[in-house]
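Listed below are the residues making up each chain.
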Amino acid sequence: MELTLWTYEGPPHIGAMRIATSMKKLHYVLHAPQGDTYADLLFTMIERRGSRPPVTYTTFQARDLGGDTAELVKGHIKEAVDRFNPEALLVGESCTAELIQDQPGSLAKGMGFDIPIVSLELPAYSKKENWGGSETFYQIVRTLLKDHSKELKQTWQEEKRRPRVNLLGPTLLGFRCRDDVLEIQKLLGQYGIDVNVVAPLGASPADILRIPNADVNVCLYPEIAESTCIWLERNLNIPFTTTVPLGVGATQDFLKELHKVLEMEIPQSVNESNNSKLTWYSNSVDSNYLTGKRVFIFGDGTHALAAARIANEELGFKVVGLGTYSREMARKVRPAAKALGLEALITNDYLEVEDAIKETSPELVLGTQMERHSAKRLGIPCAVISTPMHVQDVPARYSPQMGWEGANVIFDDWVHPLMMGLEEHLIGMFKHDFEFVDGHQSHLGHLGGKGNQNTNKEAIKTNLQDSVITDGDPIWTHEGEKELSKIPFFVRGKVRRNTENYARQAGCREINEETLYDAKAHYKA
Amino acid sequence: MSGATLLKESGPKEVFCGLTSIVWLHRRMPDAFFLVVGSRTCAHLIQSAAGVMIFAEPRFGTAILEERDLAGLADAHDELNRVVKNLLARRPEIKTLFLVGSCPSEVIKIDLSRVAENLNIELKGQVTVLNYSGSGIETTFTQGEDGALKALIPLMPKSDQKKLLLVGTLANAVEDRLISIFNRLGIDNVESFPPRQSTELPSIGPETKVLLTQPYLTDTARELKNKGAEIIEAPFPLGVTGSTLWIQAAANSFGIDKSIIDSILNPLISRAKKALEPHVEKLSGKKLFLLPESQLEIPLARFLSNECGMEIVEIGTPYLNRDLMKAEIDLLPPDCRIVEGQHVEKQLDRVRDSSPDLVVCGMGLANPLEAEGISTKWSIEMVFSPIHGIDQASDLAELFSRPLRRHDILNPTKTLTSN
């Protein structure tokens, strides 16, 4: 039994719903009690879609349990097929239905429909959303393509046509997937590569049957598509790319990898620095102040890995924490963290993540909506880089993360919560001006304002998880507090923590003016 | 009874389960904590249902059942014990802990009442542990509150004092207002249930007169009756008429003189009617379809039809308690169609066929209907907004006139289109 107040991933049938709702002409009969229909609002409210997910819930009730729930399931399946006339049917169960063991998949298969039926077994008590999405996509592709022959196809060169690839993995409720697909299509078009099928997002079962017409699969979101790509490579000889084009370097690497797999010559333009503004912006003088900013990264595997690379190589940040809630991706995240001299944080407990943030006192957090809340409590700027989805993460504007434009968007999204060079400089110069007395700070000042510092501290104190303030902690003297208040608000939190750490190490019971300078010297040394 | 047609429908439903009521109960009783004993789905549900509206510092959480918990029930009890103790160690300020049953915990028959009993013995009054079910196989949406209140009743102290007890969660401001009106009428001893602190439970006895503020408190009403309390029969305090009749019913049962009642309520009534006018102008003659969700559908339809002039196409309700609803149904226009239960697809077919101007529905259905050109109002807003009482009638009407005004502003030439 696991106690949780907040969860990064839903149950595996939510993953299945993401696949079903991403696709067209597919219907999903979900054996589930009434309350499970909440899932619809993830799509219609968070993603603001104008249509309901193609899901029929059996909504069984307690009084049905004594009777024949199997008949109830069959009734709903028949009604769904009659009403929606899908090209293929998904049949599965939610956590409660799993316990009553009706096996709706086999029931559906025995009903004599002439459409493909994909039976889903998604263990709700051991697996989670991304796993469920990945398994569902894999089962759909496998069911629809299992009789496809493995015959040696002709290459694009032999057929004298442009090379064709599939984009696999984008789904609804995936982080900016909709825009990423457009960006990657545009990018590939520039290099003379056509997109054959995008799946699951926007694909019908008929489109799935066209997957084998491509020369290469592009695995855009390994969480969802990796197992399918592996199967397609083993069974249909379609190779796949493993680089996810998030960030300038990764986009270059992705294009190189794809050209190599397609046996195309890599165009010179791939390496040009003006493909994305990120490169110049982070070389521009303002970004001097970004150098060495300490950043903490947590999210799904794909976005966390990409963020670490971009932060480290393209923005000159110092990554002080890296982790993921996707256990399936731990194998990739661990060595990436190690390469940065860190130990990866693999957990689905947000309290552990919050503790790790506190411990490392970063200047920027790149995380999920939950880290945004934690960072706010701690007074640290934060940008959201990963699911779980919040209505804020579905912007009306075009806002991809992948490709050249994605790198531009990432630069803006990450850097805006921070203080930039000129602004930081001016605040430093004018900090003694009366406009800058506490309470009149800029909109960026999480720690701004007289009250806020206290409120933040109060928040930390009253926070249930918090155990920082214990009896043995050093106490700030009046002089100490006074000196601390002279420090610009945007570093005050860090100085406070550093000084307290120093005082604890040095065995000081009180922190006065001198302790503050001792700590400063200690950390600079 | 009036000529309302009462129908039943069964099939796939689209209604929140009782767990969702935690989202308002935890704000009502800040010293309580709601621990769902359920699956990852339950955790995701309350997170999603609450998260799209507000992010509160949660006073609710989930003990997520895992594979090994299913293997042996004895272990599940031990595990739950461990989780609760962990939680209480971290949140020592909790005074009442609700163990909330869910679909999986009901199906595998985790005996939450036994766990609660054992914990109460062990914790020796440091915290009170209670249990109720919010499972989707047993309850819908607002029934969760019914369950939570019912669980509190055995703890209510006995009293022989004559008093008025308002039952059902109200917005604090509304509650204060209603209490002050009762005071003005001469009813001084007014208490509410649930209280604002879970530990300050009102007392109850044969001299307690209960006025229900919410229509979904079937079990709670029955249990209060078993404790000797008298349930005052009345329509619910929505709209001018409903609220007036509701206040009058209480005043009558306290033997307050009619002239006093009139002198206090009449000015409120005429002011409220005036405030209603602009909304009536917008709503009058418009077609309304209510999908089942909160059990507030019948009183809402009564208000919107009788006082705002709307034409009712259908009133869906997840559950119909004919006793508690009698006074409401009597006030409905004749030939009103009330459908208990749901077949969501067939009901949506009827929505489309009748092309209503406004649909009251759950969160999952609102945007798809908006995309079809049908204005909507979320049912869940009615359990969060201060809508009860005479003074609130125009605010209540505004909740429904606003979507129509928006529709007119955004689509000045278009009436209804489907896409």
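Everything that follows concerns the structure shown earlier in this document.
Quick summary incoming for the structure in this document.

Cut-offs used in this document
- Residues numbered from 1 in each chain as written.
- Chains lettered and ligands numbered in written order.
- Predicted model: local features only at pLDDT ≥ 70, side-chain atom pairs only at ≥ 80, totals over all residues.
- Heavy atoms only, no water.
- Contact = heavy atoms within 4.5 Å.
- Buried area = accessible area lost by both parts, 1.4 Å probe.
- Salt bridge = Lys/Arg side-chain N within 4 Å of Asp/Glu carboxyl O.
- Helix = DSSP H or I, 4+ residues; strand = E, 2+ residues; numbered from the N terminus.
- Nonpolar A, V, L, I, M, F, W, Y, C, P; charged D, E, K, R; others polar.
- Pairing = 2+ DSSP bridges.
- Phe/Tyr/Trp six-rings, centres within 6.5 Å; stacked < 30°, edge-to-face > 60°.
- Buried < 20%, exposed > 50% of the residue type's maximum accessible area, 1.4 Å probe, protein only.

## Brief notes about the interface of chain B and chain A
- Contact residues are listed per partner, giving 62 residues for chain B and 55 residues for chain A.
- Surface buried jointly by chain B and chain A totals about 5,200 Å² across both partners, of which 61% is contributed by carbon and sulfur atoms.
- Taking the shortest distance from any N to any O, the salt bridge between A:Arg52 and B:Glu345 comes out at 3.3 Å.
- Sorting the residues of the side of chain B that touches chain A by element identifies strand S2 (32–38), helix H2 (40–51), strand S3 (60–64), helix H3 (67–71), helix H4 (73–90), helix H5 (103–107), helix H14 (344–354) and helix H15 (363–371) of chain B as the ones contributing at least two each.
- Considering only residue class, the side of chain B that touches chain A consists of 32 nonpolar, 14 polar and 16 charged.
- The pairing of strand S1 (residues 2–4) of chain A with S3(B) spans three bridges and is antiparallel. Across the sheet, A:Thr4 pairs through a bridge with B:Thr62, a residue of S3(B).

## A closer look at the packing of aromatic side chains
- Scanning the model with the defined rule gives 11 aromatic pairs over all chains in all.
- For the pair A:Tyr281 and A:Phe411, a centre-to-centre distance of 5.4 Å together with 85° between the ring planes defines the contact as edge-to-face. One end of the pair, A:Tyr281, is in helix H12 (residues 277–283); the other, A:Phe411, is in helix H17 (residues 403–415), with 130 residues separating them in the sequence.
- Look at A:Phe411 and you get buried, because its relative accessible area is 6%.
- With a centroid separation of 5.8 Å and an interplanar angle of 80°, the aromatic rings of B:Phe98 and B:Tyr132 are classed as edge-to-face. Here the residue B:Phe98 occupies a position in strand S4 (residues 96–101), and B:Tyr132 occupies one in strand S5 (residues 128–133), the gap between them amounting to 34 residues.
- Residue B:Phe98 is classed as buried on the basis of its relative accessible area, which comes to 0%.

## Comments concerning the pairing of strand S4 (residues 88–93) of chain A
All names here are of chain A.
- Counting buried residues in S4 gives six out of six residues, a clear majority hidden from the surface.
- By the alternation rule, side chains of S4 split into Ala 88, Leu 90 and Gly 92 and Leu 89, Val 91 and Glu 93, which are all buried.
- Two elements, strand S2 (residues 26–31) and S4, share six bridges in a ladder whose sense is parallel. Paired with Leu 26 across the bridge in S4 is Ala 88.
- Both S4 and strand S5 (residues 117–119) contribute to a ladder of three bridges, which runs parallel.

## Some remarks on the pattern of salt bridges
- Evaluation of the coordinates by the stated rule reveals 47 salt bridges over all chains.
- For B:Asp219, the salt bridge is made with B:Arg222, and the minimal N-O distance between the two is 2.9 Å. In this pair, B:Asp219 and B:Arg222 are both assigned in helix H9 (residues 218–226), three residues apart and thus about one turn of the helix distant.
- Three or more residues are tied together by salt bridges with common partners; here these are A:Arg83, B:Asp349, B:Arg352 and B:Glu372.

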